Amino acid sequence: MTPDPERQRRWRLVLGGGDADGLTDEAGGPEIALNIEDRRMDAALSGLYDTPDGPRRGGLGGSAPKVARWLADVREFFPASVVRVLQQDAIERLNLTQLLFEPEMLDSVEPDVNLVGTLLSLKGVMPARAKDAARAVVRRVVDDLTRRLEEPTRAAVTGSLNRAQRNFRPRPSEIDWNGTIRRNLRHYLPERHTVIPEKLVGYGRKRRALRDIVLCLDQSGSMASSVVYAGVFGAVLASLPAVNTRVIAFDTEVADLSEHLDDPVDVLYGIQLGGGTDINRALAYAQGTITNPEQTILVLISDLYEGGNEREMLARARALKDAGVNVIALLALSDDGAPSYDHGVARTFTTMGIPAFACTPDHFPGLMAAAIRGDDIATWAGEQGIVTKGGAAG
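Everything quoted here is computed from the prediction, not taken from an experiment.

Trainee: Looking at this model, I keep getting lost on the packing of helix α13 (residues 310–322) against helix α14 (residues 343–351). Mind explaining?
Mentor: A pair of packed helices can be characterised by two numbers: the angle between their axes and the separation between those axes. In the contact formed by α13 and α14, the axes pass within 10 Å of each other and the chain directions differ by 25 degrees. Considering their axes alone, α13 and α14 lie roughly parallel with respect to each other. Considering the relative orientation of α13 and α14, their crossing is right-handed. In contact with Glu310, Met313, Leu314 and Ala317 of α13, α14 contributes Val345, Thr348 and Phe349. Tallied by class, residues from the contact of α13 with α14 come to five nonpolar, one polar and one charged.

Trainee: What is the right way to look at the sheet that holds strand β8 (residues 296–301) in this model?
Mentor: One key point about sheets: their strands pair by backbone hydrogen bonds, in either a parallel or an antiparallel sense. In space, the six strands of this open sheet follow the order β7-β6-β5-β8-β9-β10, with mixed pairing throughout. Among the strands making up the open sheet, the edge pair consists of β7 (254–256) and β10 (356–359). Across this sheet, the average inter-strand angle for adjacent strands is 25 degrees, counted without regard to direction. Bridge analysis of strand β6 (residues 243–250) against β7 gives three bridges, and the strand direction is antiparallel. Bridging from a neighbouring strand, Ala249 pairs with Ala255 of β7.

Trainee: Explanation requested: a nonpolar patch on the surface in the structure shown.
Mentor: Taken together, the side chains of Trp177, Ile181 and Leu185 make up a nonpolar region of the molecular surface, amounting to roughly 330 Å² of accessible area. Counting through the fold element by element, Leu185 comes out in the loop between α9 (177–183) and β2 (188–189).

Trainee: What is the right way to read unusual backbone geometry from this model?
Mentor: The phi torsion of most residues other than glycine is negative, and most of the peptide bonds are trans. One non-glycine residue, His193, adopts positive backbone phi at about 55 degrees. Along the chain, His193 falls in the loop between β2 and β3 (194–195). Under the relative-accessibility criterion, His193 is labelled exposed at 64%. Even without being a glycine, Leu304 presents a positive backbone phi close to 70 degrees. Of note, Leu304 is situated in the loop between β8 and α13. Note on Leu304: relative accessible area 0%, which makes it buried.

Conventions and cut-offs
- Residues numbered from 1 in each chain as written.
- Predicted model: local features only at pLDDT ≥ 70, side-chain atom pairs only at ≥ 80, totals over all residues.
- Heavy atoms only, no water.
- Axes fitted to C-alpha atoms, helices over the stretch in contact; angles between N-to-C directions.
- Helix = DSSP H or I, 4+ residues; strand = E, 2+ residues; numbered from the N terminus.
- Parallel < 35°, antiparallel > 145°, perpendicular 65-115°, else oblique.
- Left-handed = near helix turned anticlockwise from the far one by under 90°.
- Contact = heavy atoms within 4.5 Å.
- Nonpolar A, V, L, I, M, F, W, Y, C, P; charged D, E, K, R; others polar.
- Pairing = 2+ DSSP bridges.
- Patch = residues over 30% accessible without salt bridge, like charges linked within 9 Å, V, L, I, M, F, W, Y side chains within 5 Å.
- Areas by Shrake-Rupley, 256 points an atom, 1.4 Å probe, with all protein chains shown as cover.
- Salt bridge = Lys/Arg side-chain N within 4 Å of Asp/Glu carboxyl O.
- Buried < 20%, exposed > 50% of the residue type's maximum accessible area, 1.4 Å probe, protein only.

In C-alpha cells form, the structure reads like this:
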C-alpha cells in the first residue's frame, strides 16, 4: 500500500526528525522533506520538546530576540489554546523566566489563567521595568474572566436569594413590584387598565445582606489557577448588595483582602503564591469574622494538605459546621483536571457533613446558588456529575 504523503508529513511533525523516528521516503531514502513553513513549525517544537541530552539538542537559547521569534512563530502556526500550552511548557521545561521579565516578551505572550498564576508567584522578584507589563497581562485575563463569569454568577445568586427570601406579607419598602405584577396578571381589569394585586410579593430583608459568604483561599503554589478564579468570583460576589462577601488568603499567615474586592486585580496582587499552609489558622481567623453562623457560607478552597495542626484544624471545621455555618471544601476551582489533595482530610470532612470536591469555574455559580437556597450540596454535586468525598469534577 502506497503511503499517504500528507499522513507521513503529519507523523513527521509529531515525532520530530532523526533516524529513530523511522519515517523515510518511499524508497527508504532520506527523511521526508518539509516545506519552509513546516520546517519553521518543526524548529519551534524542537526547541521546546527535543531532549537536551539526546541526539537532537533543543532549547530556545538565552537571548530575548530568539525567544521573541519563537513566540511569534508559535502564535503564527497554532491556535491560542495551543499557544498557551506551549508557553507554559516553555516556562516549566526550559525555565524561560525571561518570558516574564521583559516587557517586550509580556506584550507578545498569549495571556491565560496559568500565566497569571506564574506572574503572581514571581511578582516579588520581577524587575521594575516589567511590572507594569505584567499587571497589564493580569488585567487582560481578569477582564476576560469577569465578562465570562459575572452574568452567570449574578443571575444564579440573585435568583436563589429571591426564592429563598420570598415574602407574601411585605412592608411597602420590601415589595417586589415585578414579581407582584406577574403573580397577579389574572386579576387585570381592562376597563381600568390596571392589575388588582390580591397577593403581594416581596423580600423580607431587601435592604440588608441576606447571606454572608467567606472565601478562604489557599495560596500555596499548587492552587494558582484556583486562586485566580476565586479572586474574580470574590469580586463579582462583592458587587451584589444582597450578599456580604469576605475573601481571606492564607499560607502560614492570613491576609484579609476584603477591602480590595472592588478590583479583582488588586485582590490577586494581594496574594503571595507559594509557601506553607496553615488551614487551621485561616479557619480560626474566618471563625472570628462570622457573626451570623446560620446565614454564613464558608468556602474553603484548598488541597487540604495541612502544614499546621491537623487535629485542631479538623476540630475547628467541625465547630464551624456545628454552629450552623454551611462549610464547603473545594479541592480545586479550575479547569486543570483532577487535583492532588489530602484524601484522608477530605474523607474526614465528608463524615462531618462538609462536602469535599473539585469544581470547575462554570459550576461555581450553580454551587453558590444551591448553597444559598440551602440545598444539600452533595446531592447538587451528584446531579452535576461531580464526584464528592474528595473526587474531581466530572
